[in-house]
Amino acid sequence: MIINNMYKAFYMTLALCFAHLSLSAKVLLPSVIADDMVLQQKEEVNLWGKAKANTAVTITTSWNKKTYKTKADDQGRWIAKVSTPSAGGPYQIDISDGELLTLKNILIGEVWICSGQSNMEMPLTGFYNQPVSGANDVIAKAKISTPIRIYTSKNEYSKTPQDDVPGSWGQHTAERVAQTSATGYYFAKYLQEVLDVPVGIIVSAWGGSKIEAWISEPYMNSFPEFDLSFLKNDQKSEYPNHHSPCYLYNAKIHPLKNFTAKGMLWYQGESNRDKPEQYLKLQKAFVANMRAAWANPDLPFYFVQIAPFKYSGKDGIEAAKLRESQLWAMQEIPNSGMVVTTDIGSEECIHPPDKEKVGNRLAYWALAKTYNRVGIGYSAPVYKSFQIDGDKIKLAFEKPIPTGFSATGGSIKDFEIAGADKVFHPATAWSADGCIYVKSDQVPAPIAARYAFKNYIKTDLYDDRGLPLSSFRTDDW
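All values derive from a computational prediction rather than experimental measurement.

## What about the pairing of strand β20 (residues 435-439)?
Most of β20 sits inside the fold, with 4 of its 5 residues counted as buried. The pairing of strand β15 (residues 392-397) with β20 spans 4 bridges and is classified as antiparallel. The partner of Ile393 across the bridge, within β20, is Val438. Summarising the sheet, strand β19 (residues 428-432) and β20 pair through 5 bridges and their orientation is antiparallel. By the bridge assignment for β20, Ala432 is matched with Cys435. In textbook terms, the turn of a hairpin is the stretch between consecutive antiparallel strands, and for β19 and β20 this stretch comprises 2 residues, one of which, Asp433, has a positive phi near 55°.

Here you go:
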């Protein structure tokens, strides 16, 4: 009995020691607040973490020698806003609750969130038997002096919103670039070269994930077709973890939402192609959710239309319908833009190897619409309306209207028209006055037209800035 009491006293003393160490430990920060990070320039950016409960926390920024003060709450949580200057660095930040913590090698510039499924997650090294075109040359030329910084979160999921997601910032080394999202990296590289400022990308993506997994519970509650009861009890989700509603928002978005960013990039949709009508509603909810999370109702949102791939068969149209929903989403979501990829798909691989075009085209949107660079082509013409003209159909397009269309193969192809029997036939097409005309000898009285409206098709029709047209249709059959 005496020995047992001695053990109890020993373990009680040990527990008190650990408790004391915990109380006296220096400030704890989320993974995304760390050495080598990039902070958004000319903003009131958030810094946050944990400290001793009810203790004053001071923050000193080296770029202006200013000290900010805040206080941890009963749970030790604190958050503060600090002012950032124009782009530059490196700088450091001192944070203290009585014990000093110093963050080093911090740059000030432009910060973008990159999310989605595997086509956003795919690193420059590619996937097994699925390379990224030209990546080895890019990796070999990576210089640590290039002011691009990369944060990549690990794949985790959760029923409840989390405060942190494991991940780390890295500098522009060959090793780090090789493991970085190819789409996100090419965007950052293009933006950095044009703006000549540091660029940071925060990559939080998961291959195969569905969009509903990236949406928070309050926003998913408006979709009664999803049973969310598993979030309230010990019940296991009936979905795979990367498909389960709210799981990825909770684990991979919520922990990042306080990190001030300029905008968001999104490449996802392949896993939702079976329900295109629902996807349009989900994507609109997702964007509203992200803008609420970042407390910015005008947060720029640029996304990538899924690329052509054979799926159930190259002549099927389920993927074309999803691309159509994404096209509608761009038209219905303010301050959004869509990259068209009808020219770079791969019939046998769902991960197109040409990620440079994707990243560059995302950068065109950002440069033109977010950074107000005039003269840049960023949006391919979008189908607007059709008019039947005897044995042909005239197709009109929304602005920006090009001076003309061009087809790399010479003649314009990939158009089809149908008559009252609703059977589509290949059509001859030509452009004039910013419009496209289509006709077929097999359809003397056409009533509908389609362009590239199949799962897999490799198009070669571009506007005068070299941007491809999205697949579209005039019918709703």
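## Focus on the environment of Gly208
Here Gly208 shows up in the loop between β10 (199-205) and α6 (217-220). It is 34 Å that separates the C-alpha atoms of Gly208 and Lys50, two residues lying 158 residues apart in sequence. Among residues more than four places away in sequence, those in contact with Gly208 are Gln117, Ser118, His242, His243 and Ser271.

## Here's the deal with unusual backbone geometry
Along the chain, Gly89 connects to Pro90 via a cis peptide bond; the corresponding omega equals 10°. Among the secondary structure elements, Pro90 is positioned in strand β6 (residues 88-96). You will see that Asn54, though not glycine, has its phi angle at about 60°, which is positive. Considering the arrangement of structural elements, one finds Asn54 in the loop between β2 (44-50) and β3 (56-61). Exposure remark for Asn54: the relative accessible area of 42% places this residue in the partly exposed category.

## Some thoughts on the sheet that holds strand β17 (residues 415-418)
What the 4 strands build is an open sheet, ordered β18-β17-β21-β23; its pairing is antiparallel. Single-partner strands in this sheet number two, and they are β18 (424-426) and β23 (472-473).

## Here's the deal with the pairing of β3
Burial along β3 is one-sided: Val57, Ile59 and Thr61 are buried, while Ala56, Thr58 and Thr60, pointing the other way, are not. Of the pairings in the sheet, the one linking β3 to strand β4 (residues 66-71) comprises 6 bridges and is antiparallel in character. Across the sheet, Thr61 pairs through a bridge with Lys66, a residue of β4.

Cut-offs and rules
- Residues numbered from 1 in each chain as written.
- Predicted model: local features only at pLDDT ≥ 70, side-chain atom pairs only at ≥ 80, totals over all residues.
- Heavy atoms only, no water.
- Buried < 20%, exposed > 50% of the residue type's maximum accessible area, 1.4 Å probe, protein only.
- Helix = DSSP H or I, 4+ residues; strand = E, 2+ residues; numbered from the N terminus.
- Pairing = 2+ DSSP bridges.
- Contact = heavy atoms within 4.5 Å.

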